[in-house]
Amino acid sequence: AQGMLLATDAFAEVCVGAQRFGSPRLPGCNPVWGCSFKFDVFRIDTAMRIGIYRAGLGWGLLQDELLGRVEIPFLDLEDWSGCPIGRVIEPEDPESIPAGACMFLEL
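Residues numbered from 1 in each chain as written. Predicted model: local features only at pLDDT ≥ 70, side-chain atom pairs only at ≥ 80, totals over all residues. Heavy atoms only, no water.

Details of the packing of aromatic side chains
All told, the structure shown has three aromatic pairs when counted by the stated rule. Between Phe 21 and Phe 37, the ring centres sit 5.5 Å apart and the planes meet at 15 degrees, which makes this aromatic pair stacked. Here Phe 21 is found in strand β2 (residues 19–22), whereas its partner Phe 37 is found in the loop between β2 and β3 (47–54), with 16 residues between them in sequence. We classify Phe 21 as partly exposed; its relative accessible area is 33%. Assessed through its relative accessible area of 27%, Phe 37 is described here as partly exposed. For the ring pair Phe 21 and Phe 39, a centre distance of 5.0 Å and an interplane angle of 75 degrees mean the geometry is edge-to-face. Of this pair, Phe 21 sits in strand β2 while Phe 39 is found in the loop between β2 and β3, placing the two residues 18 residues apart along the sequence. Counting every residue linked through ring pairs, the aromatic cluster contains Phe 21, Phe 37 and Phe 39. Residue placement shows Arg 25 over the ring face of Phe 11; its charged tip is 4.0 Å from the ring centre. (Phe/Tyr/Trp six-rings, centres within 6.5 Å; stacked < 30°, edge-to-face > 60°. Helix = DSSP H or I, 4+ residues; strand = E, 2+ residues; numbered from the N terminus. Buried < 20%, exposed > 50% of the residue type's maximum accessible area, 1.4 Å probe, protein only. Lys NZ or Arg CZ within 6 Å of the ring centre and 35° of its normal.)

Here you go:
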């Protein structure tokens, strides 16, 4: 975890097939992006992939850090159409999360 002096913004990257969209970069531990994306979904596309990142420092000093990711099969999206979908995000480094804590994403 970064200290306050090095704290950077968090953002999400959402992918379907080769299409990628990113959320705005927002500060804090619980950002609420409130954005939407439109994807062209083809028969070969089976899931939506979401990665949560901490932005790196400017001037290329630090790369964006992948905090965790989740893949949501389209079959799940159809079942939950019109309802909020919540998923636990798998951390890239399980040791970075305090015991008993988790990262949660609500769509």
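From this point, things continue past the structure.
Notes on the nonpolar core
A general trend in soluble globular proteins is that nonpolar side chains are found buried together. Of all hydrophobic cores here, the largest spans 16 residues; its most connected members are Met 48, Ile 50, Ile 52 and Leu 105. Among the secondary structure elements, those contributing two or more residues to this core are β1 (10–16), β3, β4 (65–73) and β6 (103–106). By residue number, the principal contributor to this core is β1, which donates four residues. (Core = buried A, V, L, I, M, F, W, Y, C linked by side-chain atoms within 4.5 Å.)

As for the sheet that holds β6
Spatial strand order, β2-β1-β3-β4-β5-β6: six strands in an open sheet with antiparallel pairing. Of all strands in the sheet, those with a lone pairing partner are β2 and β6, marking the two edges. Strand-to-strand twist of the sheet, defined as the mean angle between neighbouring strand axes without regard to direction, takes the value 30 degrees. (Pairing = 2+ DSSP bridges. Axes fitted to C-alpha atoms, helices over the stretch in contact; angles between N-to-C directions.)

Regarding the pattern of salt bridges
Under the definition given, this model contains four salt bridges. With its nearest N and O atoms 3.4 Å apart, the salt bridge here joins Arg 25 to Asp 64. Here Arg 25, found in the loop between β2 and β3, pairs with Asp 64, found in the loop between β3 and β4; they are 39 residues apart in sequence, far enough to count as distant. A relative accessible area of 36% means that Asp 64 is categorised as partly exposed. With a shortest N-O distance of 2.9 Å, Glu 92 and Arg 69 are connected by a salt bridge. One end of the pair, Glu 92, is in the loop between β5 (86–91) and β6; the other, Arg 69, is in strand β4, and 23 residues separate them in sequence. Residue classification places Glu 92 among the partly exposed positions, given a relative accessible area of 41%. A relative accessible area of 45% means that Arg 69 is categorised as partly exposed. (Salt bridge = Lys/Arg side-chain N within 4 Å of Asp/Glu carboxyl O.)

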